[in-house]
Every structure is written in C-alpha cells, then in structure tokens.
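Survey of secondary and tertiary structure
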2 protein chains.
Amino acid sequence: MRTLDEQAIRDLALGATLLGTGGGGDPRVGTLMALAAVREHGPVTVIPPEDVPDEGVVVPVAMIGAPTVILERIPGGHELDLVMEGFERLVRQPVVATMPIEAGGINSTIPIVLAARRGLPLVDADGMGRAFPEVQMVTLGAGGAQAWPLVLADESRNVVALTDAADNASAERLARSVVVGMGGSAVVAHYAVDGPFLREWAVPRSVSLAVGIGRALRDARTEGRDAIAAIAPLCGARRLFTGKVVDVKRTTAAGFVRGRLSLSGLDQDGGSSAEVDFQNENLIVRSGGEVLAAVPDLISLVEADSGQPLTTEGMRYGLRVHVVGIPSSPLWWRPEALRLVEPRAFGYDMDPIRLEDAQ
Amino acid sequence: MRTLDEQAIRDLALGATLLGTGGGGDPRVGTLMALAAVREHGPVTVIPPEDVPDEGVVVPVAMIGAPTVILERIPGGHELDLVMEGFERLVRQPVVATMPIEAGGINSTIPIVLAARRGLPLVDADGMGRAFPEVQMVTLGAGGAQAWPLVLADESRNVVALTDAADNASAERLARSVVVGMGGSAVVAHYAVDGPFLREWAVPRSVSLAVGIGRALRDARTEGRDAIAAIAPLCGARRLFTGKVVDVKRTTAAGFVRGRLSLSGLDQDGGSSAEVDFQNENLIVRSGGEVLAAVPDLISLVEADSGQPLTTEGMRYGLRVHVVGIPSSPLWWRPEALRLVEPRAFGYDMDPIRLEDAQ
C-alpha cells in the first residue's frame, strides 16, 4: 500500500498514455484533473489486488467516447458523483475501491479523482492493461463479468443507467448510443467486480507499471537517453518503425474516431513506408505488405526526439515518430478473451499474431 | 369506475387510432395484445382522474420509436415487467395506477396489458389527448412534470434508465438515442405523476372518448352512415379534404418516420390537391397555398368508404381518404404547453392557428 504523490500522478498519466495506444485521453488534462482532486480532497492510497476485500465491489470509472471529443470536454468532478450515486442506487453493496478500466492519460487518472473525492483506495490493476475502444473489450468481461449496471453522466447532469442487457456487446451498442446522445463523450461507471474475481481477471500491477514507464520516459528525456531502451525492461517495448507523419485520415462518427496514419520511413527505415489504422486506439501497423504488429498487442507512437507518447488526436503532419510494439497482458491470449480483441473483432481477415512472431 | 370488456377494448383501439393522428401504433396489434392480457390476467378497471389517490404515483407506459418499426416489433408483456421493475427500483413510491401517455392503436392499449398483469387500475386520462412524436411534447411536462425517471426496455432484455436530465428536451434526445440503439423502438415508462398533478395537467376522459369514438365508427360502418358525422358530436371532427393518395414520401431515421402524403382531390375537392406532412404523426395539411389545419390540432386520415382510421405506416398509393380535423385539448393552448407543440416546434415558420380559424 502506498500513496500517490504529485510526481507519481504525473508519471502515471505519461506512462498510461503510452499504454493507451492512442486512446484513453490526454495526459496533461488527466494530470491536472487528478492533481486538483488530491490537493482539494487529500492523497489517494494505491492497494494491490491481494488487499481488495472479498466482499463489496470495486467500481471502475472512465471517460467513454471519441478521443477527439473527450479532448474538448474536460469532465468535472460532479459527473463522477452523479455516476457513483446512480451506481450505488442500483448496486446495494458497499463500493470498497475504484480502479481504471483501461490505461490512458485520462482514464488512468480519472479514478484518482473519484478516489480522492470519496476517500476510496485505488486498486493497482485495470481491465485491459492498455486501452480498447469498445465496452465488451475488457478482460473482466472475458472472465464472465457483466458490463452492467452501467451508468453514464454528462456535464449537463444527464444520467443514464443500463440496468440489464442481453450481453456485453449489447451494452456497448446501447452505451454508445447514449454517448452519441450526450454529444460524443461521457463519464461511465461499469464492470463492478469483487476481490476474488478481480484477482483472477483484472490485469495486475498496471497502475504501478504506468508510473514506472512514465518515470523512465521522464528520466530518459532529462538524461538524453533513448526512450524505448529505457522502458524496454519494464514492458518489453521494441521499436517497429521510425518515420515522419505524411498523412492522417480521421473521422469522428458514431462515438468513435477512426482513421489511418501514414508514415514515410526515416533513419533505418528510410525508403519504406508504414500505415497505422486506429479506432480510438491503434489497431494494426503494416509496412511493405507485412503486419508489424496487431491487436491485442500494443502499438504506441512516441515522438522521436522527446519520447513523448502520442494520442490519436495529437497526430499531425510532419511529426517524427517511433512506432513501438509492446506485448499485451497474457490474459488477452486466453481463448475467451482473444475472441473479443483479435484482428477479426475489428474486421481484419487475419489470424492473431504475437509481437515476437511478427515481421 | 367500470371494467373494460372485450368490445370496449376493440372500440378503444379503433377510436384511439383516430386520435393518434397517424401515430401511436396499429389498432389490430394493440387490440390483440390487450385482449390476450385480460383473458390471461383478468379484467381491467378504469377510474376517473378524481379517484386517483393523492399519494403514490401513476406511471404511464407506451411504445416509443418510429411507427414503421413498431409495426414489426410487437412488444411482449415481459418488456412491461422490465420497465416497471426498473421504475420501482428508482421511484421508492407505490405505483397506484397506469394510464396512456398518448392516444394510439397500441399506446392506448399497452397500459391495459400492464394494468392486467399487475392488477392496477387504468386512469381515464392521458398526457396528450392525441399523439405527438417527442418526449417533451406532453401536457404533464408543460405543467412542470419531469420525463425522468424514464425507463426503456426491448425484447432482448436490455433495460436503460434515464435517472436525471437537464430538461425534458434532453430526455427526448437521450431516450431517442437509446431507442435507435435498441433497433428503432422500445417500451417506455416515464412521466410518473401523482393524483393532484394529474387532475390539473392530464387530458381527462380521453380513454372514454376513444372508446366512444371507436363505437361510433363501428356503428356508422355497420349502418352505412357517414363516419365523420357520427363522431362529430363527440370530438368536433370536421372534414377538411377528400382525395386519393397519389404519393407517399417516407423516411425512417433517427427513431422517427418523417415524410409527406400527397392527395389528389375527389368529390367536392375534385381538381385541387393537398399535402399532409408527418413526423410519426400528421403535423400540417395544406391545400392550394392555404393551411387547412396544423398542430396542436388533430389531423387524422380515415378511409373514405369504411371510415377506418389510418396510421402513417398504413398509407399507400391509391387509398381514398378523408382528412379530418379535430380541435386539440384546451390544455395545449395554455402558453407553457403551446410552445412545445406549435408549428414552430416542428420547424414551420407560422403562428399557431385554431381549427375554427383555418381556411
């Protein structure tokens, strides 16, 4: 058990942005939100999954919607109060802790805001070990957890609760409809789980990992060292491609941002090109007819000079970037999980490949 | 207080279809649903607004969505159980009765199904005295009632509750998003009100009126008398135009069906033409540059030979119809109500006109 200090919050937001693979929100916004909350309400304690009580529920909170929209709508704390009050009306069990549902510059820090406001601990775990765009793409769901009750709130005090659903894919469809009705983004609480389930199906230590990655990126930048080499021992990161952004196609519709990033190779990749497809998060990177990496493994982009992780909405012409591959949590390779997030789940007609087998 | 017998249910569905002005659902479906429910669960008692207790809530239930979709998806009783269970979890008051939120072939009879299943009385009143397409277009809302808590359910056991909203127009936007996510139609419970409020803001006696209109239409047909003359003493109906349907433009999108019906005049209207615009319900009828009638007054279509009321989804080329105008409930002419349903609320740049002033 330990307390997140201000530097740890900054490092968490930075490292989680790398693990967010393009989605999960902007780290500057996430940092400011969390710092303001702990300054007002006091520090937040992080507990390992083993310390979560067997009784009571852990309720993850997050922003849901297209990153391009989330960037323009910084959630206030009162939306978190609304979703939690809505949740507690539906679940007649005490909420004993919160945690991120996914990694991301906002989605790893927004649970800190909730934890600070309500005096709850933050569990050192999450539901993806990365970010994915759809409600059913959560390790907890692969293990049998229901996405509902699922509560959504926006800044206009609209609160919508999904109280029963046919399955988690239906929950995604309905939640997405509501998100669109709320203007493209919302605060969500869903996938409440208890301690024993969380210990089996949540991705463990992902908050600590994000803090460690963020610290390593910061140190590497300060000391002028290579960012990927600095984080490789923590998460198995490897460079897949280095290039200049020559085109970004991006459409925000139906609650998602979808598109393709085109890179013209630099340095050792000079003369070649690569494309990264994304749906909120980066899904697949290809070069010269070869798949360099694909979901569920992580495909992240960092600015070549600074090592700064980049989000989907931060992509722009002329940026010089490294494409980084990181092996996903082994939970995603369990068959009941893989079917939710393999390339075919996103419309790619190919078998899953592991990062070590690619190229 | 009286019990609805099978003939009264048939007459109610027929008369309510006229008052539904194109929307509110198909009377055959509505009749079958209600008859099956009372045969299985026993008869339903109708009580006048004066007999509603001051304490406890009256919860209206209805189908929401595009009539073209509702026609294809006959709601089973279990969706009603789901919305009421969802409602009762949110509203910690006893539900003492139900009523229609609007008139229509299904929306006047679906509360009978709920009443029969749960042994509740049906209040002889509704929230419009006709049908309107949007959630905020309810006399109860004009009087200050909140549309929320609003609970939606579909046949796949998906249940969504709007527990807080900025205003009733936001409730419409969010509910419509959910309806689209549910495939275009859903069962809804909303606008729970108590006895004193209902007595001030619900349209009184509208169930009885629909039964009376249905009986008069049936008698006129049996006896070969004119349908409009038969119902005029009950509701002030008058013939506005008689013609043949020469075109129906209809688009189902975003949870509504919108379009325009074109008529070529017959009999005393021979040589002229008329157009009826609709958004689920008929909004305005124009002929030769003149507005014959417009919302909030009722514009209904009946088949010329049989006097059968026609719904939006039942319109087709070649039908010979009378366009019938009926003055709306005086509640709609209160200023706080009129702004919700006047022609401008539907995008028509014109002041409201009363039926007696038109032409």
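Residues numbered from 1 in each chain as written. Chains lettered and ligands numbered in written order. Predicted model: local features only at pLDDT ≥ 70, side-chain atom pairs only at ≥ 80, totals over all residues. Heavy atoms only, no water.

Here we look at the nonpolar core
Rules: Buried Ala, Val, Leu, Ile, Met, Phe, Trp, Tyr and Cys residues that are joined via side-chain atoms within 4.5 Å together make up what is termed a nonpolar core. For every residue, the accessible area (1.4 Å probe, protein chains only) is compared with the maximum for its type, and the residue is labelled buried under 20%, exposed over 50%, or partly exposed between those bounds. Working rule for contacts: check all heavy atoms of both residues, and any pair within 4.5 Å makes them a contact.
Grouped together as the largest cluster of nonpolar side chains are 122 residues, with contacts concentrated most on Ile112 of chain A together with Ile112 of chain B. In contact with Ile112 of chain A, other than residues within four places in its own chain, are Leu4, Ile9, Leu12, Ala34, Val38, Val44 and Leu122 of chain A. Within the second largest apolar cluster, 105 residues are counted, among which are Val193 and Val341 of chain A together with Ile64 and Leu331 of chain B.

Remarks on the relation of the copies chain A and chain B
This is how the line gets drawn: Copies overlap after least-squares fitting; the atoms used are the C-alpha atoms of residues with pLDDT of at least 70 in both.
Once turned by 180 degrees and shifted 0.0 Å along the axis, chain A lies on chain B with an RMSD of 0.0 Å. The transformation just described matches what one would write down for a two-fold rotation axis. The share of interface residues of chain A whose copies in chain B are also at the interface is 100%, consistent with both copies meeting through the same surface.

Some remarks on the pairing of strand β15 (residues 281-287) of chain A
Residues in a regular strand project their side chains so that they alternate between the two faces of the sheet. Residues and elements named next belong to chain A. Using the following cut-off: Numbered from the N terminus, helices here are DSSP runs of H or I no shorter than four residues, and strands are runs of E no shorter than two. We call two strands paired when DSSP finds no fewer than two bridges between them.
Counting buried positions along β15 gives 6 out of 7 residues, so the element sits mostly inside the fold. Pairing between strand β14 (residues 273-279) and β15: 5 bridges, direction antiparallel. Note that in β15 the partner of Gln279 across the bridge is Glu281. Remark: 1 residue form the turn of the hairpin made by β14 and β15, two consecutive strands paired antiparallel; Asn280 in that turn has positive phi of roughly 60 degrees. Alignment of β15 against strand β16 (residues 290-294), held across 4 bridges, turns out to be antiparallel. Opposite Arg286, over in β16, you have Val291 as the bridge partner. The antiparallel hairpin formed by β15 and β16 contains 2 residues in its connecting segment, where Gly288 sits at a positive phi of about 55 degrees.

A few points about a positive patch on the surface
The following threshold applies: Surface patches are drawn from residues lacking salt bridges whose relative accessible area is over 30%; two like charges belong together within 9 Å, two nonpolar side chains (Val, Leu, Ile, Met, Phe, Trp, Tyr) within 5 Å. To be clear on the numbers: accessible area is Shrake-Rupley with a 1.4 Å probe, and residue cover counts the displayed protein chains and nothing else. A pairing counts as a salt bridge when a side-chain nitrogen of Lys or Arg comes within 4 Å of a carboxyl oxygen of Asp or Glu. His is not counted here, nor are the chain ends, while Lys and Arg score as positive and Asp and Glu score as negative. Taken as the charge centre is NZ of Lys, CZ of Arg, CG of Asp or CD of Glu, depending on the residue.
On the surface, Arg89 and Arg92 of chain A together with Arg89 and Arg92 of chain B cluster together into a positively charged patch. Considering the arrangement of structural elements, one finds Arg89 of chain B in helix α4 (residues 77-90).

Comments concerning the interface of chain A and chain B
We apply this condition: Side-chain atoms alone can form a polar contact between residues adjacent in sequence; in general such a contact is a pair of N or O atoms within 3.5 Å, and within protein one must be able to donate a hydrogen while the other accepts it.
If you look at the interface, chain A gives 22 residues, while chain B gives 22 residues. Linking chain A to chain B there are 2 salt bridges. A salt bridge links Asp164 of chain A to Arg157 of chain B; the shortest N-O distance between them is 3.9 Å. At the boundary of chain A with chain B, the tally comes to 10 residue pairs in polar contact (both at pLDDT 80 or more). Listing elements by their share of the side of chain A that touches chain B, those giving two or more residues are α4 (77-90), β9 (159-164) and α7 (168-181) of chain A.

Quick notes on the domain arrangement of chain A
All names here are of chain A. So the rule is basically this: In this entry, domain limits derive from an automatic or database-based domain assignment. Reported buried area values correspond to the accessible surface (1.4 Å probe) lost by two parts on association, with both partners' losses combined.
Looking at chain A, the domain boundaries give domain 1 (2-206) and domain 2 (234-357). Placing a centre on the C-alpha atoms of domain 1 and another on those of domain 2 gives a separation of 24 Å. Each partner contributes residues to the interface: domain 1 has 39 residues there, and domain 2 has 33 residues. Summing the contributions of domain 1 and of domain 2, the shared interface buries around 2900 Å²; its carbon and sulfur component is 68%. In this structure, the connection of domain 1 to domain 2 is made through 0 salt bridges. Taken together, domain 1 and domain 2 are joined by 8 residue pairs in polar contact (both at pLDDT 80 or more).

Re the pairing of strand β17 (residues 298-303) of chain A
Residues and elements named next belong to chain A. The buried fraction of β17 is high, at 5 of 6 residues. Note that β17 and strand β19 (residues 320-326) share 6 bridges and pair antiparallel. Paired with Leu298 across the strands is Ile326, a residue of β19. Here β17 pairs with strand β18 (residues 309-310) via 2 bridges, running antiparallel. When the sheet's bridge partners are listed, Leu301 is paired in β18 with Leu310. Hairpin connection from β17 to β18: 5 residues lie between these consecutive antiparallel strands, with Gly307 at a positive phi of about 75 degrees.

Notes on the environment of Thr45 of chain B
One can find Thr45 of chain B in strand β2 (residues 45-47). For the pair Thr45 of chain B and Thr3 of chain B, spaced 42 residues apart in sequence, the C-alpha separation works out to 4.4 Å.

A few points about the packing of aromatic side chains
The line we're drawing: To pair, rings of Phe, Tyr and Trp, with the six-membered ring standing in for Trp, must have centres within 6.5 Å; the planes then decide the type, stacked if under 30 degrees apart, edge-to-face if over 60, and tilted in the middle.
Counting across every chain of the model gives 4 aromatic pairs over all chains. Measuring from ring centre to ring centre gives 5.2 Å for Phe132 of chain A and Trp332 of chain A, while their planes differ by 85 degrees; the resulting arrangement is edge-to-face. Linking Phe132 of chain A in the loop between β7 (125-126) and α6 (139-142) with Trp332 of chain A in the loop between β19 and α11 (335-341), this pair joins segments that are 200 residues apart in sequence. For the pair shown, Phe132 of chain A and Trp332 of chain A are each scored as buried. Ring centres 6.2 Å apart and planes at 25 degrees place the aromatic pair Phe132 of chain B and Phe346 of chain B in the stacked group. Taken together, the residues Phe132 of chain B in the loop between β7 (125-126) and α6 (139-142) and Phe346 of chain B in the segment after α11 (335-341) connect sequence positions 214 residues apart. Residue Phe132 of chain B shares its accessibility class with Phe346 of chain B, and that shared class is buried. An aromatic cluster is defined as three or more aromatic residues linked by ring pairs; in this entry it consists of Phe132, Trp332 and Phe346 of chain A.

A few points about the packing of helix α2 (residues 27-41) of chain A against helix α5 (residues 110-118) of chain A
All names here are of chain A. Heads up, the condition is: Interaxial angles span 0 to 180 degrees and are taken between N-to-C directions of axes, which are lines fitted to C-alpha atoms, for helices over the stretch in contact. For classification purposes, an angle smaller than 35 degrees is called roughly parallel, one larger than 145 roughly antiparallel, one from 65 to 115 roughly perpendicular, and anything else oblique.
Relative orientation of the contacting elements α2 and α5 amounts to 10 degrees, with a least axis distance of 8 Å. With respect to each other, α2 and α5 are oriented roughly parallel. Here Met33, Ala34, Ala37, Val38 and His41 of α2 come into contact with α5, specifically with Ile110, Ile112, Val113, Ala116 and Arg117.

Focus: helix α10 (residues 227-235) of chain B
Since one α-helical turn is 3.6 residues long, residues separated by three or four positions face the same way. Residue and element names in this part refer to chain B. Rule in force here: Within this analysis, the arc is defined by the directions that extend from the helix axis to the C-beta atoms.
Where α10 is concerned, the buried positions are Ala227, Ile228, Ala230, Ile231 and Cys235. One side of α10 holds all its buried residues, which, seen down the axis, span an arc of 155 degrees. Where α10 begins, the side chain of Asp226 points an oxygen toward the backbone nitrogen of Ile228, at a separation of 3.4 Å. Residue Gly236 follows α10 closely and has a positive phi angle near 75 degrees.

Some words on the sheet that holds strand β12 (residues 238-253) of chain B
Across the sheet, 8 strands lie side by side as β16-β15-β14-β13-β12-β19-β17-β18 (chain B); this open sheet has antiparallel pairing. Both outer strands of the open sheet, β16 (290-294) and β18 (309-310) of chain B, are each paired with one neighbouring strand and no more.

Notes on the side chain of Gln279 of chain A
Of note, Gln279 of chain A is situated in strand β14. At a separation of 2.9 Å, a polar atom in the side chain of Gln279 of chain A contacts the side chain of Glu134 of chain A.

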